[in-house]
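Understanding the architecture of this molecule
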Amino acid sequence: MAERKTSQAETELIQRAHNVLPGGSLGNIGRDIVIAEGKEGRVRDVSGNEYVDFLLGSGPMLIGHAHPEVNEAVRKQLEKGTTFFANNDQAIMLAEELVNAVACADKVRFTSSGTEATFYALRTARAYRQRDRILKFEGGYHGMHDYALMSMSPVNPHDFPRPTPDSAGIPRAIEDEVLIAPFNDVEMATAIIEQHHDELGAVIVEPFQRLLPPKPGFLQGLRDVTAQYGIPLIFDEVVTGFRFAYGGAQEFYGVKPDMCSLGKVIAGGFPLAAVAGNEELMNHFDASSGEPGGFLPQIGTLSGNPVAAAAGLKTLEILRREGTYQRIFGTGLRLKEELQRMLNEAEIPSSVVGEAPLFDVFFTDGEITDYRSTLHADKQMLGRFNELLLAQGVLKGDTKFYVSLAHSAADVQYTLDAFASAIEELKS
């Protein structure tokens, strides 16, 4: 494998980025790399280096980059107009498809980002319950709004259920409105909900939290206790929606929430997300419904953008084709199993965690079940592993391998060779 090179052109662009962007980045990944193009399961940087891409734009490109059918659908819509701030046929048809696919979805309201989707899901639940507090799970990622940035990645976490702010600038009052529970501990989560049930407007959870699969019975336990007290249960499916199954994690794990947030895959690489839920909750978006708790206004210049909706419709059509999910899961399972086997043979303490379409390695000999158990993993070792892979032409985020339909047998073999080389370096 050729070592990564950096051209003068890329060096100059990196310097220009540092001149005008805080930290020299868009705020997503911090590596000094400038991507120029993507095709199928690979991307190429400005210097001409090619990478097998497991970043996938942080997940949206489930069917690969620059899919010709998606590009054609987008081109057709571009000729008709790019945005209208009004109902359009593409958005209506995409909403119909989401309702048909997702178990909890009677109706849909579009936003432009996953952060907006979870924000509005929480606001809707609070309007319905007429209660202010929410419960979320330590380590759960729900975007960048104030509620979401409570105990997302605390360095020194408080005792449960007290939250820890993860960002400067969050009003102190928010701390009183959020309760925190440990993921995969149904007994403690149930106890907190039972103690505070009359204060809670919602419980929000990633059904697959970052990289952590739910233990058997955990999601159903949340469903049972929230249903008992009439508390809306929100699944944040921005990541898992249409990735683990066509009906998302609620299909994959067999538990139906009251509401969910969707994003990434549903827009085929364009900025579009959605709130979906049962009719009683979603009617709060309808000024004419007279729903108890009042009307919930939601206005967005690009919400339901027709170009994004066209890309999403074509992406979902491709995902419905026979054998799609078998291929994605087959690719991911081979990568997962081979990575764990190589690490075991090298006698490097590690645990490859996740589901086949989305996983990563934790360098630890302990069990990984919740956020606090991840703190015992060797992050420096993971960082070195990531850099070794990057140098050999495999791109991923700081955490997560996103697997795509477009990753070919050649991409998989290339990646396995990179794993072997990187692990050999880690041993030295």
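Residues numbered from 1 in each chain as written. Predicted model: local features only at pLDDT ≥ 70, side-chain atom pairs only at ≥ 80, totals over all residues. Heavy atoms only, no water.

1. Points about the pairing of strand β5 (residues 133-137)
Of all five residues that make up β5, five are buried, and the element is covered over most of its length. Side chains of β5 alternate between two faces, with R133, L135 and F137 and I134 and K136 buried alike. Note: β5 against strand β7 (residues 200-205), three bridges, orientation parallel. For R133, the partnering residue across the bridge sits in β7 and is L200. Two elements, β5 and strand β6 (residues 178-181), share four bridges in a ladder whose sense is parallel. Directly across from I134, in β6, lies its bridge partner V178. (Buried < 20%, exposed > 50% of the residue type's maximum accessible area, 1.4 Å probe, protein only. Helix = DSSP H or I, 4+ residues; strand = E, 2+ residues; numbered from the N terminus. Pairing = 2+ DSSP bridges.)

2. Remarks on unusual backbone geometry
Residue P161 is reached from F160 by a cis peptide bond, and omega for that bond is 5°. Within the secondary structure, P161 is located in the loop between β5 and α5 (172-175). Even without being a glycine, E40 presents a positive backbone phi close to 55°. On the secondary structure map, E40 appears in the loop between β1 (35-39) and β2 (42-45). For E40, a relative accessible area of 49% gives the class partly exposed.

3. Some words on the pattern of salt bridges
Evaluated as defined, the whole model comprises 18 salt bridges. The residue E424 makes a salt bridge to K427 at a minimum N-O spacing of 4.0 Å. Here E424 and its partner K427 are both found in helix α14 (residues 409-427), three residues apart, which amounts to about one turn of the helix. Residue K427 is classed as partly exposed on the basis of its relative accessible area of 47%. It is possible to trace a salt-bridge network through shared partners that takes in E37, R42, R44, E50 and D411. (Salt bridge = Lys/Arg side-chain N within 4 Å of Asp/Glu carboxyl O.)

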